[in-house]
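For reference, the chains in residue letters:
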Amino acid sequence: MAPPNNRRPGFSKRAQYSIFASYLLGILGAVLGLLLLLISFVDPRGFSALRTAGAEVMAPISKSLSEIGGATGSAGDEIVAYFNAASKNAAMQRELEKNRSEILEARALREENERLKRLLKLDEEVPDSIAMARLISSTASSSRRIATLGVGSSSGLEPGQPVRSPEGLVGRILETGPTTARVLLVSDGNNVTPVQRARDSLPAFATGRGDGTVDIQPINIGSNPFKAGDLMITSGSGGLYSPGIPVAVVIRKTETGAIGRVLANPAKVSHAIVQPIFQAETMRQIEKNPVPDGELETGE
Amino acid sequence: MPRSRQSRIGRQPSQLRIKVIPPLTVAIGSMITALPIITDYPILPPMGLLAVLAWRLIRPGYWPVWAGFPLGLIDDIFSGQPLGSAAFLWSVVFILLETVDRKAVRRDYWQDWLIASTAIIFVLIGGMLIVDFRSNVPRLDLLVPQILLSVLLYPFIARVIGSIDGWRVAS
């Protein structure tokens, strides 16, 4: 298709000026965009009202569609699973080429799996959940990993509360609206989770990589004790997550740490459980049964 | 006079339809993230971007240069990117497309697809780097499936937008 040929200004000064002005407006738009970006970096919560409003407006659609999806055998999930399978397959092929020793991983994984199941049984004794809901949508087209939960502040949700599923930690609440909440998933690049190895409580940090895996860095830099198949659970430090929630399984070592696969795949999580902030809950219990001052001091 | 008796010749479509339909379809494309598609990966093609590129390439005269900013802003609200990311990137795309339009002598289907693909790759990579430049540079291969999917989906979206455009201007 030929572009319209009346767009060449020729010698008319007026036409040239109007083109210049239109460019100027376009550049102004870009500059405004950059300014907004700057603001959203300085104050990440700044525009949360806008995004929450967007999520709230779309919530009826998301919710009803996710209900239908659940009823008809989750067609959407299956399509996603298909795409995931393709990319995961490619990733696995690359990994196999790189590292033959990963054949051992399967055995280690099985052992970890049993341990995980034992752990889950332990965990079921302390459910203490605020709310239970579906993940109704996610930022599937962006490299951020944020999901939308079908309940919000009207059910008592607050930013910071951990979200988990029976499989493990899903993420934490980032922003809340009346009936929706945005969940920062464990695999988001801006999400750092304090973890420890289930076997020997070796402390580490798990940072998201944006693709369903996390980068696990030990706190003692210099040593790299990780093995494929190691199970990482939340350590409870930082005060957000209660200790003992499964987070990830190490799939391979890197130079300084390890790469782990997040256990709670949000695409497969049917229901997410929102828990109270660990520290706040502890404080509430302490307030309920006051402890002598001396004991509190030693806790720090 | 009842509409059915009116002659079809010389009838004008409503101005509202002509003006509103293109931005509306782009906004609906941006809102596609509200569908219950939950992924571990960035895999869903950016529908808003595909729609806006299709409109921009089909109807170069309709869009002012600054249109990338408001449309990108709407996309930012639903995409999960930091606010301003698409507003900036789409503005840049609009400025570049305007320049290309002024320089180009002729255009064909393949050229449109090439331009759209370049823009898709630019926006997706730019969006990922805006989120976190330092740690995302070595991880750009994560975007390959999404980019491929988007590039392959573009001709289909262009066809859909083309038929919507046909309906928009038809009386």
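Residues numbered from 1 in each chain as written. Chains lettered and ligands numbered in written order. Predicted model: local features only at pLDDT ≥ 70, side-chain atom pairs only at ≥ 80, totals over all residues.

Asks: Is there a simple way to explain the overall build of chain B in this structure?
Replies: A tally of regular secondary structure across chain B gives 7 helices and 0 strands. When its helices and strands are written in sequence order, chain B yields α-α-α-α-α-α-α. The principal-axis extent of the C-alpha atoms belonging to chain B is close to 65 × 40 × 25 Å. Looking at chain B as a whole, 48% of its 171 residues are labelled buried. Taking as baseline every contact in chain B between residues at least 6 positions apart, the subset at least 24 positions apart corresponds to 71%. (Helix = DSSP H or I, 4+ residues; strand = E, 2+ residues; numbered from the N terminus. Buried ≥ 20, exposed ≤ 12 C-beta atoms within 10 Å, placed from the backbone. Contact = placed C-beta atoms within 7 Å.)

Asks: How do you make sense of the confidence of the model for chain A when you look at a structure like this?
Replies: Low pLDDT marks stretches whose predicted atomic positions should not be read closely. Confidence in the prediction of chain A, expressed as mean pLDDT, is 78, and 78% of residues score 70 or more. pLDDT under 50 marks residues 292-300 of chain A. Its contacts with residues more than four places away, or in other chains, come to 1 contact. (pLDDT = per-residue confidence, 0-100.)

Asks: Got a minute to help me understand the interface of chain B and chain A in this structure?
Replies: When the parts of a complex come together, some accessible area is lost, and that lost area is often taken as the interface size. Listed as interface residues are 54 residues of chain B and, on the opposing side, 57 residues of chain A. Broken down by secondary-structure element, the contributors of at least two residues to the side of chain B that touches chain A are α3 (68-79), α4 (85-103), α5 (109-131) and α6 (133-136) of chain B. Examining the composition of the side of chain B that touches chain A, we find that 10 residues originate from one element, α4 of chain B, more than from any other. Partitioned by chemical class, the residues of the side of chain B that touches chain A number 32 nonpolar, 14 polar and 8 charged. (Nonpolar A, V, L, I, M, F, W, Y, C, P; charged D, E, K, R; others polar.)

Asks: Would you mind going over the sheet that holds strand β2 (residues 135-138) of chain A with me for this structure?
Replies: As a general point, the strands of a sheet are linked pairwise by backbone hydrogen bonds and lie either parallel or antiparallel. Residues and elements named next belong to chain A. Read from one edge to the other, the open sheet built from 7 strands follows the order β1-β13-β4-β5-β6-β3-β2, with strand pairing classed as antiparallel. At either margin of the open sheet sits one strand with a lone partner, and together these are β1 (131-133) and β2. Going across the sheet, the axis of each strand differs from the next one's by a mean of 35°, ignoring polarity. Alignment of β2 against strand β3 (residues 146-149), held across 3 bridges, turns out to be antiparallel. From the neighbouring strand, S137 faces β3, where its bridge partner is T148. (Pairing = 2+ DSSP bridges. Axes fitted to C-alpha atoms, helices over the stretch in contact; angles between N-to-C directions.)

Asks: Explanation requested: the nonpolar core in the structure shown.
Replies: In summary, soluble globular proteins display a tendency toward joint burial of nonpolar side chains. If you look at the biggest cluster of nonpolar residues, it comprises 106 residues, and the most contacted ones within it are L149, V183, M232 and V247 of chain A. The contact partners of V183 of chain A, leaving out residues within four places of it in the chain, are I146, A147, L149, V163, V170, G171, R172, I173 and L174 of chain A. (Core = buried A, V, L, I, M, F, W, Y, C linked by C-beta atoms within 7 Å.)

Asks: Would you explain the sheet that holds strand β9 (residues 213-218) of chain A in this entry?
Replies: Residues and elements named next belong to chain A. Taken in spatial order, the 6 strands of this closed barrel run β7-β8-β9-β12-β11-β10, and their pairing is antiparallel. Looking at each pair of strands side by side, their axes are set apart by 40° on average, direction ignored. Judged from the 5 bridges that link them, strand β7 (residues 192-197) and strand β8 (residues 203-208) form a sheet pairing that is antiparallel. In the sheet register, V192 faces β8, and the bridge partner there is T207.

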